[in-house]
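Observations on the model geometry
Residues per chain, in single letters:
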Amino acid sequence: MRSRSNSGVRLDYYQRIVHRLILAHQEPVTGLFPASNVNSHAWIRDNVYCILAVWGLSMAYKKIADQDEDRAKCYELEQSCVKLMRGLLMAMMNQKDKVEKFKTTQSPCDSLHAKYSSKNGLPVVGDNEWGHLQIDAVSLYLLILAQMTASGLQIVFSLDEVSFIQNLVFYIESAYSIPDYGIWERGDKTNHGEPELNASSIGMAKAALEAMNELDLFGARGGPASVIHVLADEAHKCQAVLQSMLPRESNSKELDSGLLCVIGFPAFAADDAQLIHNTKDAILSRLQGKYGCKRFLRDGYRTPKEDPSRLYYERWELRMFENIECEWPLFFCYLILFHAFQNDKRSVQDYADRLEKIMVRSDDGILLIPESYAVPMDLVGFEYEKPGSQLREVVGRCPFLWGQSLFILGRLLQEGFLAVGELDPLNRRLGAQKKPDVVVQVVIIAEDNEIRDKLAEHDLHVQTIAEVAPIEVQPARVLSHLYTYLGRNRKLGLTGRKSRDVGILSTSKLYSLKDRIFAFTPQHIDYEEYYTTRDPDLLASNFTTNLAFLTNNWRHMLGRPTITLMATHYMLDQDKIPLAMIQTMRKLKSGYINGTRVMLGSLKDFLNTSAITDLSFLGSTEDGYPDRLHPDVQTYLDEHLLRSFSNRNTMNLRGGQLRPRHLRRRMSCKGAIKKTRSINVDSDNLGMEGPSPLTERRLSSIVPPPWLHPNQQSHVSVFATTPEEGPSSPPHLGGELIRENIYPIDPHHSRSAIDRRSEFVRQQEITVPKILIQRHRADNNFADTEVEELIAMLRETENLEEQGDILQYLVDTQGLDFNTGMLEEGRVVTVRDLLKGLYEKACQQKLWGLVRHTAGMLGKRVEDLAKAVTDLLVRQKQVTVGMPPNNEHTITAPLPEGELRQLIHDAYGDDESTAMLTQELMVYLAMFIRTEPQLFHEMLRLRVGLIIQVMAKELSRTLNCGGEAASEHLLNLSPFEMKNLLYHILSGKEFAVSSVARGNLSIVSCKSSRVSKKSQIGLGDPEGEDALIATIDDRQGQWLRRRRLDGALNRVPRDFYSRVWTVLEKCQGLAIEGRILQQSLTQEMTPGELKFALEVETALNQIPQPEYRQLVVEALMVLTLVTEHNMVASLGDIICVEHLVHKANQLFLEDQRKVQGDATLCCAKLKDGKEQQQAASGMLLCGGAAYICQHLYDSAPSGSYGTMTYMSRAVALVLDCVPKHGEMECAIS
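None of these values were measured; they are calculated from a predicted model.

This part is about helix H2 (residues 44-63). Here H2 contains 20 residues, and its C-alpha end-to-end distance of 29 Å stays within 8% of the 28 Å for a straight helix at 1.5 Å per residue. With 18 of 20 residues buried, H2 is to be regarded as a mostly interior element.

Below you can see the structure in the form of structure tokens.
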């Protein structure tokens, strides 16, 4: 026999080790590995990691196979891999019913099991007896299956298995929104069995989805039927959420060494080199020790302080585990692989040396990787004093096969038997490299010749639908329907894809089906549903956003993205093509739009450069006719091809002869819509006071409606409160209380710019006898005649606002399905039908306030509300709806569409307009967080109700109008202007409001804070104090506005929450607005933990006034400076943060009196009687919230008269622990 080369001898040595340590334990029947000699359970994750060494060794043998026995060894090792992967596949296929069920329920009880019996592959524990839902394990299986298939192994044998694996792809595709138990099977680190979103699971799922996409499971011998399809948008959502989470692992684990497998081998899921670097550094600096890395902070597993008799930890005991967590050598193996893939030989050697020191040598001289190292019981005290100083002992299994397998892979790489590319045949490791710019191809298609000619007038030449044939253009919903056939399998009882969502990445490909080619228009312009698509400016703006999104996220795909847009009659505005559309198309022609490279052309030109996907899965493979279309698909397509994008006729409300009626009836409905409003703008700085709080939805009959007081200009409340109601109206702070009901205060602010009827009519309306109206208020049993009169009025009035009021009234009294007695083409017309007609007309006339209100009454949805909320939640932003402080509902977990709508509806009572606006704003917030996540830094909760109030407040400031008018203007903003205003408020940019035709407002950015007064509309004549404020220099109010915005958006300084943690550690607790943050929180949560931040946030959210909340945040920051400079050992008892703020206010007023500052006009006046009276009315003269002077709110933080100076003085005075005399370093940054 020939002598072996050195490399051959060395490989034989590894083959013996692999055989002895790994293959010797493989069960001959199932191919699975038991956990240990005494535990026969086989975990999916551990099994896949165990076999990696075997796979690596087989590839090393393949390269030096110069002798037959080497080829034999290679084959034998490969078949062990196939045996194991198939063993796991069989175990999972036995649970195919779970996979099917999980697609709809996503419940932990319906998940695939995390471990099986290694003897027969059957379940070993019940559905509820274990944290089975571990998306990372199933994802790891799919990822390695893809890599092994790409390396040439044949693991999947039949088309039934292919369709099962396609369904496993559906199982993991929503990983970004499914809380699971994660890589350590724990969920929340207290181990109470609560699943949470884990970055390691999301990253692994993203990697698996990308690896599986367009992969032929039969390798080189397969055909179209054995290819797996993944919708690119699902992988991208995982990518986006992963990006927003790293380096955090989950809500309770601020860091986790398990992330090493996501940023490096095997997943390579992060695409941003800087993020990879930051995550690795965070792990090394906080979790690395001499014996490996800790899994996560305060991990009690196997520590001497853990009570082994119970599974969970008490919340207070987590603090005991700090600094004595077990260290796992496994992570050194991950780090060796990480650096080997980076080709960083020095670091590889460094970790190899560290590993050598802590490995255990077996009796026959083989080096073994132990599971973990713990501090011995008797040395715990010393370890607490000086972390990392004591010797540790091995606990757990030895050898730990997961670690041993990765160690062997590392050695094969180090000794040059394997190249990194062989362990990663799909080239995932190259994901973080810089790629060339993507060019987005845009095709515009006209619905018919008429539209084509209209576009040609503007020098835009496009084709019609007829002219692009044989390519067929369809709306996205057709694609989403076709995708439901993917993965169907009758024998296995699998029904295909459940989610109906197809995103912009999927519709930007072309699709081939037999010899036909399809292009699909994007999902967000499917016209049927939403009123936001009626706003051309918004469509244009969303379109440019989508282009930018495609440029940044078009990865791992061959060909360029192609967006197909349809110009339809539906888009026309009074038979013209809207200006916004024309401008956008012109920009497209130029080749660049907002920094994105684009090409405008026809579909034929782009056929060769586009990404094209084959929809081969639509064949009737199961019936034995793979070349024929599935009969259902055939009929579906035939029906759809004839249907074009046409708009439906709208119902006409007019009809019947015009019968003049008395004005009397019109009166009782006027303002019916307005009464439902609940936006509360306390126009404190404008000297307007809202009406007194009302607690009832319907007023008692004694209260006269406000329009009976024509000349009510004074700011006295117009309501005489009834005795029963008086005591029940809750006491309120600073006049800020939510009212469900706001009546028009000032009858001169009409419903909208169109509604300017003659003063005469208004005077007539005002002089209606009182008795009549009270009767309608008192009882709802109208005689039929009254309803008939109303309907007659409805026919005769041209004014849509009035029609809206009448219909609102009818809905309130009779309900939506009330039969109006009118007939249209022989059908009975209900109030709902009339509302639909009104909605259509309001859309055409662009009366957005009315559109929002009628859409709310008809229960229309805003585009993909549930998806928008999920987008916010998975990026760790909680959302609250409803008006603070009493009606706020917090959404902490994704909810189905129906429940969300119900929740929002409940939060706003009868206020349909604001409920609709809330849904709309949530969609915009989700858009912004997808495209500009930096706007949301340092914000944990998005309080939509508060944001709406601040938007109205900002409008009232800019327009110089009362709160009532401001909320009317807000609700009448077009969707595009609404999105624009929200953007300005989020980004804190200054803006002015300019008027456009038809009384619509437009929001424009200002470069400086001073904009010529001409561009701002003055609404109504500013009187008294308003006029005074309007003329003062613009710089005044800047800090107040900034604090108000930051308070409303819950924005806090950097590292604020972790700094509050250090304050809490040094005192007994912090009291904020009646909530006490106990010191015990530091026992159960680490400083950077999201759960802790949410606790602090909840306490701060008790404060209704945003600017006051911001001062409380500043006071907390001063306290953190005291603790960080170690001035005192302890801050003493519970600290009332608000006392500090009020003390600072007192000091401020004293100084103001000394220097005769602005505040002497209001709060610093010395008139004892007067000051008492002000306090009693709940409003300060200057309108400052929570009894703090307006001028303090408007002071800059720094400077000798700055808020921080006063806060620091207040801290020195209020806290006993700060020394009262002696020298003290005091630098306030």
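Here we come to the sheet that holds strand E24 (residues 878-881). Taken in spatial order, the 3 strands make up an open sheet running E25-E24-E26, and their pairing is mixed. In the strand order of this sheet, the two ends are held by strand E25 (889-891) and strand E26 (941-943), each with one partner. On average, each strand axis in the sheet is tilted by 25° relative to the strand beside it, whichever way the strands run. With 3 bridges joining them, E24 and E26 adopt parallel strand pairing. Counterpart to Thr880 in the pairing with E26 is Arg943. Running over the sheet, helix H35 (residues 944-959) touches E24 and E26 and is turned about 50° from E26.

What follows is about the pairing of strand E21 (residues 625-629). Pairing geometry for strand E20 (residues 619-620) and E21, over 2 bridges, is antiparallel. Considered in E21, the bridge of Gly619 is made with Leu629. Between E20 and the antiparallel strand that follows it, E21, lie 4 residues; Gly624 among them carries a positive phi value of about 85°.

Another point: the pairing of strand E18 (residues 596-601). As judged from the 4 bridges shared by strand E9 (residues 440-446) and E18, these two strands associate in the parallel manner. Directly across from Val443, in E18, lies its bridge partner Gly601. Of the strand pairs in this sheet, strand E17 (residues 592-593) and E18 are connected by 2 bridges, and their pairing is antiparallel. Note on E18: the bridge partner recorded for Ile593 is Thr596. In this antiparallel pair of consecutive strands, E17 and E18, the connection spans 2 residues, and Asn594 shows a positive phi of 50°.

This brings us to unusual backbone geometry. Cis geometry is found at the peptide bond from Leu246 to Pro247, where omega equals 0°. Here Pro247 shows up in the loop between helix H8 (232-245) and helix H9 (260-263). Note that the residue after Ala469, namely Pro470, is joined by a cis bond; omega there is 5°. Despite not being glycine, Lys514 shows a phi value in the positive range, around 50°. With respect to the helices, strands and loops of the structure, Lys514 is situated in the loop between strand E14 (510-513) and strand E15 (516-521).

Moving on: the sheet that holds strand E29 (residues 1067-1072). Strand order across the open sheet formed by 3 strands is E30-E29-E31, with mixed pairing between neighbours. Every interior strand has two partners, whereas the edge strands, strand E30 (1075-1078) and strand E31 (1132-1136), have only one. The sheet shows a mean angle of 20° between the axes of neighbouring strands, direction not considered. Bridge count between E29 and E30: 4 bridges; the pairing is antiparallel.

Let us now look at the packing of helix H40 (residues 1056-1065) against helix H42 (residues 1090-1100). At a closest axis distance of 9 Å, the pairing of H40 and H42 adopts a crossing angle of 85°. What the angle tells us is that H40 and H42 run roughly perpendicular. Across from Phe1056, Tyr1057, Val1060, Trp1061 and Leu1064 in H40, the residues of H42 making contact are Phe1092, Ala1093, Val1096, Glu1097 and Leu1100.

Let us look at the pattern of salt bridges. Scanning the model with the defined rule gives 60 salt bridges in all. Put simply, Lys63 and Glu422 hold a salt bridge, and the shortest N to O gap is 2.9 Å. In this pair, Lys63 sits in helix H2 while Glu422 sits in helix H15 (residues 420-423), placing the two residues 359 residues apart along the sequence. Here Lys63 falls in the partly exposed class, since its relative accessible area comes to 46%. Note that Arg497 and Glu234 form a salt bridge whose closest N and O atoms lie 3.1 Å from each other. Taken together, the residues Arg497 in the loop between strand E13 (494-495) and helix H19 (504-507) and Glu234 in helix H8 connect sequence positions 263 residues apart.

So, how was this worked out
- Residues numbered from 1 in each chain as written.
- Predicted model: local features only at pLDDT ≥ 70, side-chain atom pairs only at ≥ 80, totals over all residues.
- Heavy atoms only, no water.
- Helix = DSSP H or I, 4+ residues; strand = E, 2+ residues; numbered from the N terminus.
- Expected span 1.5 Å × (residues − 1).
- Buried < 20%, exposed > 50% of the residue type's maximum accessible area, 1.4 Å probe, protein only.
- Pairing = 2+ DSSP bridges.
- Axes fitted to C-alpha atoms, helices over the stretch in contact; angles between N-to-C directions.
- Contact = heavy atoms within 4.5 Å.
- Parallel < 35°, antiparallel > 145°, perpendicular 65-115°, else oblique.
- Salt bridge = Lys/Arg side-chain N within 4 Å of Asp/Glu carboxyl O.

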